[in-house]
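In case you want the letters, here they are:
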Amino acid sequence: MSEIRWSVSPGGERFPLPVPEDYPVELERLRGLVEQNRSMGREIVAVVGLGFVGAVMAAVVADSVRPDGKPGKFVIGMQRPSTRSYWKTPLMNRGVSPVTAEDPEVAPMIARCVLEKKTLVATYTEEALSLVDAVVVDVQCDYLKNRFGDCREGSADMAALEESLGVIAQHIQPHALVLIETTVPPGTTEQIAYPIMKKVFEKRDIESEPLLAHSYERVMPGRNYVASIRDFWRVCSGVNTEARERVTKFLNEVLNTKDFPLTVLDRPIESETAKIIENSYRATILAFLDEWSVFAERNGVDLHKVISAIKVRPTHSNMIFPGPGIGGYCLPKDGGLGVWAYRHIMGFEDDIFKITPMAVDINDTRSLRVPQMVRDALRNMNRGISSADVLVLGASYREDVGDSRYSGSEVIVRKLSEMGADVRVHDPYMEHWWEFEAQDTYPKPGFSWSRFFHRQAPLAALRMEKDLWGAMKGADALVLAVRHSEYMVLEPDRVFDAVGKPFAIIDCFCILDDAKIRRYLELGCEVKGLGRGHIRRMKESVKTGPR
């Protein structure tokens, strides 16, 4: 008898992985549900991958209705039965969201679709694909960097996506639409996905072409998570006329295209390129401001005030302060997918890309200046960085969300640890920081950013501080790393009382206004900030008193 294998949820609940005899029973269960829903005129849709995008996309599709107000889709969410991810399946079948979200619409929508409307189920068996009319592919396609701060020395991690496409082609009916929603290197749909599926079709003696389409998501974690999928503009395309018409019809039926019309492009490479350019443009704007941040710090300029003054001009209203890196799943990597595709999918050997990879590299390494500021601030207080007690406030990559993927805070913590500091972290939106707790295997074995730094092994024991004010006690330095609402209202006197002594405070994201900066200085604290060069001037003013 084989040993039982388990999948453990983030909440600690253990679920036994399915065994071979479970699969036929599961398939029969799904067949019964599909027959029941077909009798009600519903299209059957599989969403492959129940991660940040797939779980909510599955619910959005399942929650959609026909013009008569009745559900038009029955959705089967599919997740591989791995020890790392299987737990999502039983949780979703209880009506529990497998993703943590600040959007109050996520959890009720999933519960409603599973328990009340009964338009959403989750499964682990690939054979469910034989029952569906459409497949939405939300399998991760990462970009793995081999050197820190060098985007060119990396590669697209296509293995999981390619494997999934082969499995899909092996099981689906010839008429089924396959919609790739994953952000992929330009050329993937036509030059990688299509040949994979076509060859499998030929082995199955299917003469028709795969109905393959691409439409990228613009998901924004946070309070508007669902709206960023359902109530937002979409771009789509298909490999042929029928695929293009099918994906247009499908998206019009499940998304709010009345208020946010679709843009239909001729070829998938155009849709794929649109996503890469869209995110590279944003990343480049943020990277551009990094050099001006350094300029401001060295020349007594408050970049926050400068940007505010510029944004009065409507043509420049999208200019924002970059903070300690940009983070999130898309902006730190998508430019790399484009650079990689040019050489490894299109086959060009010349080097046309200059700005795109440079922006990625600048954004990756920007946060390294924060540990240097901690070091310099402590030196000014006659303290060393080695063994200093540093509290980092904020692990997420942006304000008021619990998403730590590629956050600048990760680099800050790793570099501080390398420099010998004892680091603690608080974030009101996160219970676990898997980049550290599972750094041997996350995001995949051998590709943790721990490999770019020294003294990283102890960070596997890093756990999130639950009590903000208790965590401050005795800290030598506080790093304001994220603009969480809770940190924006911290009052200097109360923070000082909680710490219990003068300390260094590093503002990474223009959190402190001048009044708070002045008060910290008056309390004997050392203050530094990215782009906040005017602090030196304020420090001198506090020393000399009012004139």
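Placed above this text is the structure.
This section reports on the structure supplied with the text.

How each quantity is defined
- Numbers given for residues are sequential positions, taken from 1 along each chain in its written order.
- A pLDDT threshold of at least 70 governs which residues receive local features in this predicted model, and a stricter bar of 80 or more applies before side-chain atom pairs are shown or counted, although totals over entire chains, interfaces and linings include all residues.
- To obtain the side-chain values, all non-hydrogen atoms of the structure were included, while hydrogens and water were left out.
- Pairs were defined over the aromatic rings of Phe, Tyr and Trp, the Trp ring being its six-membered one, requiring ring centres within 6.5 Å. Orientation was assigned from the angle between planes: stacked under 30 degrees, edge-to-face over 60, tilted for the rest.
- Secondary structure elements follow DSSP: runs of H or I of four or more residues count as helices, runs of E of two or more count as strands, with numbering from the N terminus.
- Remark: exposure states derive from per-residue accessible area (1.4 Å probe, protein chains only) relative to the maximum for the residue type, with buried under 20%, exposed over 50%, and partly exposed in between.
- One bridge is not enough; two strands pair if DSSP finds at least two bridges between them.
- When a carboxyl oxygen of Asp or Glu lies within 4 Å of a side-chain nitrogen of Lys or Arg, that pair is called a salt bridge.
- Should any heavy atoms of two residues lie within 4.5 Å, those residues are considered in contact.
- When two cysteine sulfur atoms are found within 2.5 Å, that pair is recorded as a disulfide.

**As for the packing of aromatic side chains**
If you walk through the whole model with that rule in mind, you get 17 aromatic pairs. Centre to centre, the rings of Tyr-86 and Tyr-124 are 6.0 Å apart; their planes meet at 65°, and the pair counts as edge-to-face. Of this pair, Tyr-86 sits in the loop between strand S4 (73-78) and helix H3 (88-93) while Tyr-124 is found in the loop between strand S5 (120-123) and strand S6 (134-137), placing the two residues 38 residues apart along the sequence. Judged by relative accessible area, Tyr-86 falls into the buried class, the value being 10%. Classification of Tyr-124 by relative accessible area gives buried; the value is 11%. Geometrically, the ring pair formed by Phe-503 and Tyr-520 is edge-to-face, given 6.0 Å between the ring centres and 75° between the ring planes. Here the residue Phe-503 occupies a position in the loop between helix H18 (492-499) and strand S17 (504-507), and Tyr-520 occupies one in helix H19 (residues 514-522), the gap between them amounting to 17 residues. Both residues of the pair, Phe-503 and Tyr-520, belong to the buried class.

**Things to note about the pairing of strand S16 (residues 477-480)**
The side-chain alternation of S16 yields two buried faces, one formed by Ala-477 and Val-479 and the other by Leu-478 and Leu-480. Of the strand pairs in this sheet, strand S13 (residues 389-393) and S16 are connected by four bridges, and their pairing is parallel. Among the inter-strand pairings, Val-392 is bridged to a residue of S16, identified as Val-479. As judged from the four bridges shared by S16 and S17, these two strands associate in the parallel manner. Across the sheet, residue Ala-477 finds its bridge partner in S17, namely Ala-504.

**Describing the pattern of salt bridges**
Working definition: two side chains of opposite charge can pair if their charged atoms are close together. On inspection of all chains with the given rule, the structure shows 41 salt bridges. A salt bridge links Glu-418 to Lys-415; the shortest N-O distance between them is 2.6 Å. Linking Glu-418 with Lys-415, this pair stays in helix H14 (residues 408-418), spanning three residues, or about one helical turn. Glu-418 gets classed as buried once you look at its relative accessible area, which sits at 17%.

**Observations regarding the environment of Met-92**
When you line up the elements, Met-92 lands in helix H3. A relative accessible area of 0% means that Met-92 is categorised as buried. Counting along the chain gives 42 residues from Met-92 to Leu-50, while the straight-line C-alpha distance between them is 9.3 Å. Aside from chain neighbours lying at most four places away, what touches Met-92 is Leu-50, Ala-55, Pro-98, Ile-110, Val-114, Leu-120 and Ala-122.

**Quick word on the state of the cysteines**
With the rule as written, the count across this model stands at zero disulfides. With no disulfide of its own, Cys-508 lies closest to Cys-510 among cysteine sulfurs, the gap being 9.9 Å.

These figures capture arrangement, not role.
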